[in-house]
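Below are the chains, spelled out letter by letter.
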Amino acid sequence: MATAKSLKLPDSGVRLESGAPLIKRVISLIIDLTALNFAVFYPFRRLTLGFMSEGQGFRDAVSAIESDPALAANLSRLSLAVFSLVFAYFLITQAAQSQTLGQMIMKIYVRSDRKDGKLSFWSVFVRNLFVFPFFPLILFWVFDPIFMIVTRTNQRLLELLSKTRTVEQVVV
């Protein structure tokens with residue numbers, strides 16, 4: 001019969017990293033999107049809905065945009081500004097603290113696959129390109145979840161490209 005010493009177990013209180021569970025990652029993203037809804041999307045709502053009159057439907061809005069190139073250009077610029085703020089949120093929080101607000105609450109964080117585990121600005125930049133809803137970056141909305149589900153390490157495609165991963169610490 002093996003004793004605890006012959007098993008060569010780590011000392012108690014040792015922190016080990018493991019891939020963050022999918023459910024924690026999803027909840028973390030929901031928390032981040034909720035915070036961004038209040039901090040970024042909601043303040044710009046008045047600007048985006050300002051061109052529509054009361055009771056105007058989706059088709060009317062599309063017609064108004066199609067018939068007014070200046071309106072379309074302004075909405076495009078506004079969209080770029082809003083999603084740049086969202087991108088800045090993910091970029092700054094992950095580059096500075098390796099965590100967004102949602103990741104802090106869920107006790108998960110971003111780690112580089114480099115030996116020292118430190119994140120570079122470029123790797124954080126690449127891993128967050130999914131934020132922009134413009135072609136071809138919008139394709140990551142489809143491919144990232146698929147990769148997260150089918151890869152053994154539960155990494156998104158952009159995580160593989162940026163050589164980063166989302167992890168949690170487990171204390172033994």
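The notes below deal with the structure included here. Numbering of residues begins from 1 in every chain and follows the order in which that chain's sequence is written. Per-residue local features of the predicted model are confined to residues with pLDDT of at least 70, and side-chain atom pairs are confined, for both listing and counting, to 80 or more; whole-chain, interface and lining totals are unaffected and use all residues. Heavy atoms from the whole structure form the basis of all side-chain values; hydrogens and water molecules are not counted.

### Focus on the pattern of salt bridges
Counted only if it meets this: Every case where a carboxyl oxygen of Asp or Glu lies within 4 Å of a side-chain nitrogen of Lys or Arg is listed as a salt bridge. Secondary structure counts use DSSP, requiring at least four H or I residues in a row for a helix and at least two E residues in a row for a strand, with both numbered from the N terminus. Summary of the burial criterion: residues with accessible area below 20% of their type's maximum are buried, those above 50% are exposed, and those between are partly exposed, where the area comes from a 1.4 Å probe applied to protein chains only.
All told, the structure shown has six salt bridges when counted by the stated rule. Lys-24 is the salt-bridge partner of Glu-168, the closest N and O atoms lying 2.7 Å from each other. Separated by 144 residues along the polypeptide, Glu-168 in strand S3 (residues 164–171) and Lys-24 in helix H2 (residues 22–49) bring together distant segments of the chain. Glu-168 gets classed as buried once you look at its relative accessible area, which sits at 12%. Here Lys-24 falls in the partly exposed class, since its relative accessible area comes to 23%.

### Observations concerning a nonpolar patch on the surface
Cut-off, in case you're wondering: Here the term patch refers to residues with relative accessible area over 30% and no salt bridge, with like charges joined within 9 Å and nonpolar side chains (Val, Leu, Ile, Met, Phe, Trp, Tyr) within 5 Å. All accessible areas in this document rest on Shrake-Rupley with a 1.4 Å probe, and a residue is counted as covered only by the protein chains that are shown.
Taken together, Leu-22, Val-26, Ile-30, Phe-135, Ile-138, Leu-139, Trp-141, Val-142, Phe-143, Ile-146, Ile-149 and Val-150 make up a surface patch of nonpolar side chains, about 1,100 Å² in accessible area. Secondary-structure elements contributing two or more residues to the nonpolar patch are H2 and helix H7 (140–150). Here the nonpolar patch gets six residues from one element, more than from any other, and that element is H7. Its location among the elements puts Ile-149 in helix H7.

### Describing unusual backbone geometry
A negative phi angle characterises most non-glycine residues, just as the trans form characterises most peptide bonds. With a phi angle near 65 degrees, Ser-98 is a residue other than glycine that sits in the positive phi range. If you trace the backbone, Ser-98 turns up in the loop between helix H4 (69–97) and helix H5 (101–106). The exposure class of Ser-98 is partly exposed, given its relative accessible area of 21%. The phi torsion at Lys-163 lies on the positive side, around 55 degrees, for a residue other than glycine.

### Quick word on the packing of helix H3 (residues 58–67) against H4
Pairs of packed helices are described in terms of their axes, by the angle between the two and the distance that separates them. Note the cut-off: In this description, a line fitted to the C-alpha atoms serves as the axis of each element, helices being fitted only across the stretch in contact, and the angle between N-to-C directions of two axes falls anywhere from 0 to 180 degrees. Here the angle decides the label: under 35 degrees means roughly parallel, over 145 means roughly antiparallel, 65 to 115 means roughly perpendicular, and every other value means oblique. Only heavy atoms matter for contacts: two residues are in contact if any of them lie within 4.5 Å across the pair. Following the grouping adopted for this structure description, the nonpolar residues are Ala, Val, Leu, Ile, Met, Phe, Trp, Tyr, Cys and Pro, the charged ones are Asp, Glu, Lys and Arg, and the polar ones are all others, Gly among them.
Where H3 meets H4, the closest approach of the two axes is 5 Å, and the angle between their N-to-C directions is 105 degrees. Classed by the angle they form, the pair H3 and H4 counts as roughly perpendicular. Here Ala-64, Ile-65 and Ser-67 of H3 lie close against H4, whose contacting residues are Pro-69, Leu-71, Ala-72 and Leu-75. When grouped by side-chain class, the residues that make up the contact of H3 with H4 number six nonpolar, one polar and no charged.

Note that all results are geometric; they support no functional claim without further evidence.
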